[in-house]
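Observations on chain architecture
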Amino acid sequence: MKPMNLHDLSRFRGELMGIAMLVVMMFHVGFSRYDTIWFCMNRCGNVGVDMFLFLSGIGLWYAWCKGTQNLLVFYRRRFQRIYPAWLLLSSLYYVPLYFEGKFTLLQTIGNILIGWRLWSGFVDEFWFIPMILAFYLVAPFYMMLIRKHEAWRWLPMVAMVFCVLLQYWQPLNVAAGHLEILFSRVPIFLLGINAGQWVKEERQLEPHAFWLLLLLFVLSFGVCINFENGLRGRFPLFLERMVYIPLSISALLLLCKVLAHSPQWLTKALAFVGTVSLELYLIHVNFVLKYLQPYNLGYWLTLLLMTAIALLLAWIIHKLLSLIPWK
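Here's a quick rundown of the structure. Here the structure is a predicted model, which means the values were calculated and not measured. In this convention, every chain numbers its residues from 1, walking through the sequence in written order. With the structure being a predicted model, the display of local features is reserved for residues of pLDDT at least 70 and the display and counting of side-chain atom pairs for 80 or more, all residues being used for whole-chain, interface and lining totals. Remark: hydrogens and water are excluded; side-chain values derive from all non-hydrogen atoms of the structure.

Observations concerning the side chain of D124
Helix and strand labels come from DSSP, where a helix needs a run of H or I of at least four residues and a strand needs a run of E of at least two; each type is numbered from the N terminus. Examined against the element boundaries, D124 turns out to sit in the loop between α7 (116-119) and α8 (128-148). Definition of a polar contact: a pair of N or O atoms within 3.5 Å, with one able to donate and the other able to accept a hydrogen when the atoms are protein atoms, and with sequence-neighbouring residues admitted only if both atoms are side-chain atoms. Polar contacts involving the side chain of D124 include one to the side chain of Y94, which spans 2.5 Å. Contacts are residue-level and defined by heavy atoms, with any inter-residue pair within 4.5 Å sufficient. Discounting residues that sit within four places of it in the chain, D124 has contacts with Y94 and R117.

This is the structure we're talking about:
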């Protein structure tokens, strides 16, 4: 067995982001509850968010190291990629709701500009974008910190302890408990940034690391299945998200091994999904899935139709937004 090269996380970054997006879409389709292994696997699909955040952290490290390390340039590039798509699709979603009387004018403006629904404690299908923008806002300061003082690479451990405090220390829970879905994703994002240096240096894992990763994947996935199989609602959600950390990292590294031996047509298809993953995320639930679900077509047909339609719309929007003459 050959050594595992961490650079594969960069080499297959587009394909892995495509897989993460497809996993999230499978999670969102949902279907009637039955105590089956497939149901549990489906319910664990939001681990795709953690996979995406880990890969995003790696990408940010690359961007920071190869650029001028200018904050304004860094923020402008992130803004150009995310905000136009967000502004367009959030407007198409929230403005009609304003005219239906579901939001005030001030709430509508806040929802469109900064994703106010998340910050006020309501998690809708758009919650990920304001969260990732907040992460991008603080990421350069973390990267500057760890480049100057290596010891701060342990900060993800502090973030994990903070999640426990957020759940069980009453004053903190009252003040910020509504943002648990955000804070429980901070550790995996910081770990992605940490891993960026190893990926960039093309560090290798010895061949026997494969078996350790496989063990880690099986155990963490088994824990998540156990959580979802009848325990949902009986444990704080941050606990399962802590298990998502080893699950997502081991899954990504094992997927690199699979992708290295996959046919070219498959890797190209997954890379395409990864390229339009932002638009796909913003479109697939509110603009496609909600119109398919009333037909009760079943899980697989609904998933296939949603994916096909959302991919076409995502590609069109991606192409249109790429025409913006950024300077």
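Having seen the model, we can carry on.
Quick notes on the environment of K148
Tracing the backbone shows K148 in helix α8. Judged by its relative accessible area of 67%, K148 is exposed. In the structure, K148 is positioned 131 residues away from E279 in sequence and 36 Å away in space, judged by C-alpha atoms. Only protein chains enter the accessibility calculation, which uses a 1.4 Å probe; a residue is then buried when its area is under 20% of its type maximum, exposed when over 50%, and partly exposed in between.

Some words on the packing of helix α5 (residues 71-99) against α8
Packing of α5 against α8 leaves a shortest axis separation of 11 Å and a crossing angle of 170°. Judged by the inter-axis angle, α5 sits roughly antiparallel to α8. Each of L71, F74, Y75, R78, I82, Y83 and W86 in α5 lies in contact with α8, whose residues at this interface are I129, P130, I132, L133, Y136, L137, P140, F141 and M143. Gly counts as polar in this scheme, as do all residues outside two lists: the nonpolar Ala, Val, Leu, Ile, Met, Phe, Trp, Tyr, Cys and Pro, and the charged Asp, Glu, Lys and Arg. Partitioning the contact of α5 with α8 into residue classes produces 15 nonpolar, no polar and 1 charged. Comment: axis = line fitted to C-alpha atoms, over the contacting stretch for helices; angle = value between 0 and 180 degrees taken between N-to-C directions. Put simply, angles under 35 degrees are roughly parallel, angles over 145 are roughly antiparallel, angles from 65 to 115 are roughly perpendicular, and the rest are oblique.

A word on the packing of helix α2 (residues 13-29) against helix α15 (residues 264-275)
When two helices pack together, their arrangement is captured by the angle between the axes and the distance separating the axes. The contact between α2 and α15 brings their axes to 6 Å, and the two run at 70°. In this view, α2 runs roughly perpendicular relative to α15, as classed from their interaxial angle. Residues G14, E15, M17, G18, I19, M21 and L22 of α2 form the contact with α15, whose participating residues are T267, L270, A271, V273 and G274. Per-class residue counts for the contact of α2 with α15 are 7 nonpolar, 4 polar and 1 charged.

Some points on the pattern of salt bridges
Criterion for a salt bridge: a side-chain nitrogen of Lys or Arg within 4 Å of a carboxyl oxygen of Asp or Glu. A full pass over the atoms with the stated rule returns 8 salt bridges. A salt bridge links R241 to E180; its shortest N-O distance comes to 2.6 Å. Of this pair, R241 sits in helix α14 (residues 237-259) while E180 sits in helix α11 (residues 180-183); the two residues are 61 residues apart in sequence, bridging distant segments of the chain. Assigned by exposure class, R241 and E180 land together as buried.

Comments concerning the nonpolar core
Note on terminology: a nonpolar core comprises buried Ala, Val, Leu, Ile, Met, Phe, Trp, Tyr and Cys residues joined through side-chain atoms within 4.5 Å. The biggest cluster of nonpolar side chains holds 95 residues, and the ones touching the most others in it are L9, L53, F128, F189 and L282. The element contributing the most residues to this core is helix α4 (residues 47-66), with 12 residues. Look past the residues within four positions of L53 in its chain and what remains in contact with it is F128, M131, I132, F135, R185, I188 and F189.

Thoughts on a nonpolar patch on the surface
Like charges are joined within 9 Å and nonpolar side chains (Val, Leu, Ile, Met, Phe, Trp, Tyr) within 5 Å, but only among residues with over 30% relative accessible area and no salt bridge; these make up the patches. Note on areas: Shrake-Rupley, 1.4 Å probe, and residue coverage restricted to the protein chains presented here. On the surface, a cluster of nonpolar side chains totalling about 1,100 Å² of accessible area is made up of F272, Y295, L297, L301, L305, I309, L312, L313, W315, I316, L320 and L323. With 8 residues, the single largest contributor to the nonpolar patch is helix α17 (residues 299-321). Locating Y295 in the fold gives a position in the loop between α16 (277-292) and α17. A relative accessible area of 59% places Y295 in the exposed class.

So, the packing of aromatic side chains
Aromatic contacts are taken between Phe, Tyr and Trp rings whose centres are within 6.5 Å, Trp giving its six-membered ring; a plane angle under 30 degrees counts as stacked, one over 60 as edge-to-face, and the others as tilted. What the rule picks out here adds up to 19 aromatic pairs. Taking the centre distance of 5.8 Å and the plane angle of 75° together, the rings of Y94 and F103 count as edge-to-face. Taken individually, Y94 and F103 each receive the classification buried, so the pair is uniform in this respect. An aromatic cluster is built from W86, Y93, Y94, F103 and F126, whose rings are joined through pairwise contacts. Directly above the ring of F74 sits R78, whose terminal nitrogen or CZ lies 4.7 Å from the centroid. The rule for a charge over a ring is simple: NZ of Lys or CZ of Arg within 6 Å of the ring centre, and within 35 degrees of the ring normal. Note that R153 overlies the ring of W61, its terminal NZ or CZ placed 5.3 Å from the centroid.

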